[in-house]
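Residue-level structural notes
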Amino acid sequence: MGDKERVFSILNGMEESMIQALKEQVRIPSVASEGTKDCPYGKEVDRALKSCLSLARSLGLLAREVDGQMGVVDLSEEKPYVGFLCHLDVVPAGDGWSLPPYEGVIRDGKMYGRGTTDNKGAAISVLFAMAAIRQAGIRLKKGVRFLAGTNEERGSSDLKYYRLVEELPPVVITPDGMYPLINVEKGRIKGVFSIPCKEHGRSILSIRGAQAVNIVPAAAKARLSGITVEVIQQAISLYAGLETEEGGTQAGYEYQVEEISGDGPVTEITVWGKGAHAATPEQGKNALCRLYSLLSKLPLKEEKQILARLSKTFPCGEYHGESCGVFCEDEVSGKITLVHSMAFRESDRIRGELDIRFPVTYKAAEIERRLKEGLEREGICLEKTEKSEGHYTDSECGYVKTLLRIFKEHTGISAEPVSMGGGTYVHEVEGGVAFGILMPGEELVPTHGADEYILLRHLLLNARMFAQAMLELCGE
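So, here's what we can say about the structure. Keep in mind that what you see is a predicted model, and the values were worked out from it rather than measured. (Residues numbered from 1 in each chain as written. Predicted model: local features only at pLDDT ≥ 70, side-chain atom pairs only at ≥ 80, totals over all residues. Heavy atoms only, no water.)

**Describing the overall build of the protein**
Selection criterion: Each helix is a run of H or I in the DSSP string that is no shorter than four residues. Each strand is a run of E no shorter than two, and both are numbered from the N terminus. Radius of gyration: C-alpha atoms only; globule rule: 2.2 Å multiplied by the number of residues to the exponent 0.38. Partly exposed describes any residue whose relative accessible area lies between the buried limit of under 20% and the exposed limit of over 50%, with all areas from a 1.4 Å probe on protein chains only and scaled to the type maximum. We call two residues contacting when some pair of their heavy atoms lies within 4.5 Å. Values of accessible area rely on a 1.4 Å probe in the Shrake-Rupley scheme; residue burial ignores everything except the protein chains shown. In this tally Asp and Glu are treated as negative and Lys and Arg as positive; neither His nor the chain ends contributes. All charge positions are set by atom: Lys at NZ, Arg at CZ, Asp at CG, Glu at CD.
A count of helices and strands for the protein gives 10 helices and 26 strands. Relative to the 2.2 N^0.38 estimate, which gives 23 Å for 476 residues, the radius of gyration of the protein is 24 Å and therefore close to what a compact globule would have. Across its three principal axes, the protein shows a C-alpha extent of roughly 75 × 45 × 45 Å. Sorting the 476 residues of the protein into buried and exposed places 57% on the buried side. Here the contacts in the protein between residues at least 6 apart in sequence split such that 76% fall between residues at least 24 apart. In the structure as shown, the protein presents an accessible area of about 19,500 Å², 48% of it carried by carbon and sulfur atoms. Charge separation in the protein, taken as the distance between the mean sites of 56 positive and 68 negative side-chain charges, equals 1 Å.

**So, the environment of Gln-211**
Inspection of the secondary structure puts Gln-211 in the loop between β11 (204-208) and β12 (215-216). Gln-211 sits 38 residues away from Ile-173 along the chain, and the two C-alpha atoms are 29 Å apart. Among all residues touching Gln-211, those that are not within four sequence positions of it are Pro-92, Gly-94 and Met-342.

**What about the packing of helix α1 (residues 3-26) against helix α10 (residues 456-474)?**
The criterion, for reference: Fitted lines through C-alpha atoms serve as axes, helices being fitted only where they are in contact, and the angles separating the N-to-C directions of these axes extend from 0 to 180 degrees. Here the angle decides the label: under 35 degrees means roughly parallel, over 145 means roughly antiparallel, 65 to 115 means roughly perpendicular, and every other value means oblique. Should the near helix be turned anticlockwise from the far one by less than a right angle, the crossing is left-handed, and should it be turned clockwise, the crossing is right-handed. Think of it as three bins: nonpolar holds Ala, Val, Leu, Ile, Met, Phe, Trp, Tyr, Cys and Pro, charged holds Asp, Glu, Lys and Arg, and polar takes everything else, Gly as well.
Contact geometry of α1 with α10 gives a least axis separation of 9 Å together with a crossing angle of 140°. By the angle between their axes, α1 is oblique relative to α10. At the point where α1 passes α10, the crossing takes the right-handed sense. Residues Asp-3, Lys-4, Val-7, Phe-8, Leu-11, Asn-12, Glu-15, Met-18, Ile-19 and Leu-22 of α1 touch α10, and the partners they reach there are Leu-456, Leu-459, Leu-460, Ala-463, Arg-464, Ala-467, Gln-468 and Leu-471. Residues that form the contact of α1 with α10 fall into these classes: 12 nonpolar, two polar and four charged.

**So, the sheet that holds strand β15 (residues 266-272)**
Put simply, the rule reads: Strand pairing is assigned whenever DSSP identifies at least 2 bridges connecting the two strands.
Across the sheet, four strands lie side by side as β11-β13-β15-β14; this open sheet has antiparallel pairing. Across the chains shown, the open sheet's two edge strands, defined by having one partner strand only, are β11 and β14 (254-260). Across the sheet, the mean angle separating the axes of adjacent strands is 15° when strand polarity is ignored. Docked against the sheet, helix α6 (residues 287-295) engages β11, β13 (219-225), β14 and β15, running at close to 30° with respect to β13.

**Quick word on the packing of helix α9 (residues 398-411) against α10**
Where α9 contacts α10, the two axes come as close as 10 Å, and the packing angle between them is 140°. As judged from the angle between their axes, α9 and α10 are oblique. You can see that α9 and α10 cross each other, and the crossing is right-handed. Only Leu-461, Arg-464, Met-465, Gln-468, Ala-469, Glu-472 and Leu-473 of α10 make contact with α9, whose side of the interface consists of Tyr-399, Thr-402, Leu-403, Arg-405, Ile-406, Phe-407, Glu-409 and His-410. The residue makeup of the contact of α9 with α10, split by class, is eight nonpolar, three polar and four charged.

**With respect to the pairing of strand β7 (residues 171-174)**
Because side chains alternate across β7, one face comprises the buried residues Val-171 and Ile-173, and the other comprises Val-172 and Thr-174, equally buried. Pairing analysis gives three bridges linking strand β3 (residues 80-87) to β7, with the strands arranged parallel. From the neighbouring strand, Phe-84 faces β7, where its bridge partner is Ile-173. Of the pairings in the sheet, the one linking β7 to strand β24 (residues 433-434) comprises two bridges and is parallel in character. Paired with Ile-173 across the two strands is Val-433, which belongs to β24.

**Details of the pattern of salt bridges**
Where charged atoms from two side chains of opposite charge approach closely, those side chains can pair. Stated precisely, the cut-off is as follows: Between Lys or Arg on one side and Asp or Glu on the other, a salt bridge is scored when a side-chain nitrogen of the former is within 4 Å of a carboxyl oxygen of the latter.
Inspection of every chain in the model, using the stated rule, returns 28 salt bridges. Across the salt bridge formed by Arg-47 and Glu-44, the nearest N and O atoms sit 2.8 Å from each other. Taken as a pair, Arg-47 and Glu-44 lie in helix α2 (residues 43-58) at a separation of three residues, close to a single helical turn. Linking Glu-396 and Lys-401 is a salt bridge whose minimum nitrogen-to-oxygen distance equals 3.0 Å. The partly exposed category is assigned to Lys-401, whose relative accessible area is 45%. Among the charged side chains, a network of salt bridges with common partners joins Arg-64, Asp-74, Arg-145 and Glu-166.

**A short note on the side chain of Thr-402**
With respect to the element layout, Thr-402 can be found in helix α9. Residue Thr-402 is classed as buried on the basis of its relative accessible area of 14%. In contact with Thr-402, other than residues within four places in its own chain, are Glu-472 and Leu-473.

**Considerations on helix α3 (residues 116-135)**
Taken across its 20 residues, α3 has 18 buried, putting it largely inside the fold. Note on α3: the residue one or two positions beyond its end, Gly-137, has a positive phi of about 75°.

**Comments concerning the nonpolar core**
It is characteristic of soluble globular proteins that their nonpolar side chains tend to be buried jointly. Going by this rule: Working definition of a nonpolar core: buried Ala, Val, Leu, Ile, Met, Phe, Trp, Tyr and Cys residues. They are joined through side-chain atoms within 4.5 Å.
In this structure, Val-7, Phe-84 and Phe-146 are the most contacted members of the largest nonpolar core, which totals 73 residues. Those elements that provide at least two residues to this core are α1, α2, β3, α3, β6 (143-149), β7, α9 and α10. Tallying contributions element by element places α10 first for this core, with 13 residues. Here Phe-146 is in contact with Cys-52, Gly-71, Val-72, Val-73, Phe-84, Cys-86, Ala-123, Val-126, Leu-127 and Met-130, once residues within four sequence places are set aside. Membership of the second largest hydrophobic core comes to 48 residues, among which are Ile-189, Phe-193, Ala-220 and Ile-367.

Here it is, written out as structure tokens:
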């Protein structure tokens, strides 16, 4: 029996342990929160990191922590040549779940829970791939390192910190995307905007959408003063009928209206849509944009025109920023995407946040200029932005070809590199690529939406492919 076959056989015997390890990770709600010196991203993220490193040590691997920012797990004391980069932090659970988001419920061959796919499932597969190689007694000529990050979902400051104090391995692979392999990632802009709105005599008391900027809102809420439940329900009935007649865009949205105790009529409207990752907004239904459309049809005061302008700028069902004036596309990475995800009612304005993923042949400064001009046409001020350019790794690199061949061997699926709207963990790493863990041709997993899941059989399949990559890339 060859090295590869021995490792695969060991992994087969580890499958139940992998499932249990993932369940334990999912039960930690590792959403970033206010940090301290020892726990820079909050206690729950730190708990996930320490749990991961404890698991690594129990598997016989060399594990250490870098100032609460990054976990480092080595297969041996050899200098690392290949690094597998995963993250243990997750986006907030959000709305719309049919199962508890932090329990790791198993049904029909799937484990449900926040982080199962993005990105804890991948982390578990990498760890067990390393452990199987160690248990097989195979000594690789080059080192393998697993990096367990803690802040990918909020800007990857963990990776920036790590790169200040230590070097990355020459080859960095992240299972934070999809198969066969991603070598092209769009650029990204996160923007904050505001529109003036008088404090006195206001109708809109509060408004909110998603809990993170890189999520298509599954639900959006607004509290209104001076408008009765009956008036709102009448508007919904009329609006729903008109929208359905115009093209069926009403399908997939639900409404809830209730009276809140207080002085005078105070009502709360909730619009339910469908969550999705901001990189693939067409997979969701933006509840916040739908809420704007509904509010603009109610007898509000000054805010009626403001909501009409917001609805015009961010129309429901539009994914590519046409109304903001930023639409563009290229052959390498496709069309730009734009998601307006978060909103807040403040004393004298409504403030919002948005997420843009733009083609790699364009520059962030050009997209920002177009966005600023498009918003200003509707009296909306772009207050600030965070920008990153696109990412590209040559598909002719030897390790890229090796990974593509391994994927085809295990799946039988044609293996050509693809581009991605989402920024993976290697977006700022020269030569980095994303290898897994989403499979082409299968049901799309709502990685940032409700009922995120991973197919249990993929835990083992991913581990087998990662192990083979370690053996081939580091055994020479």
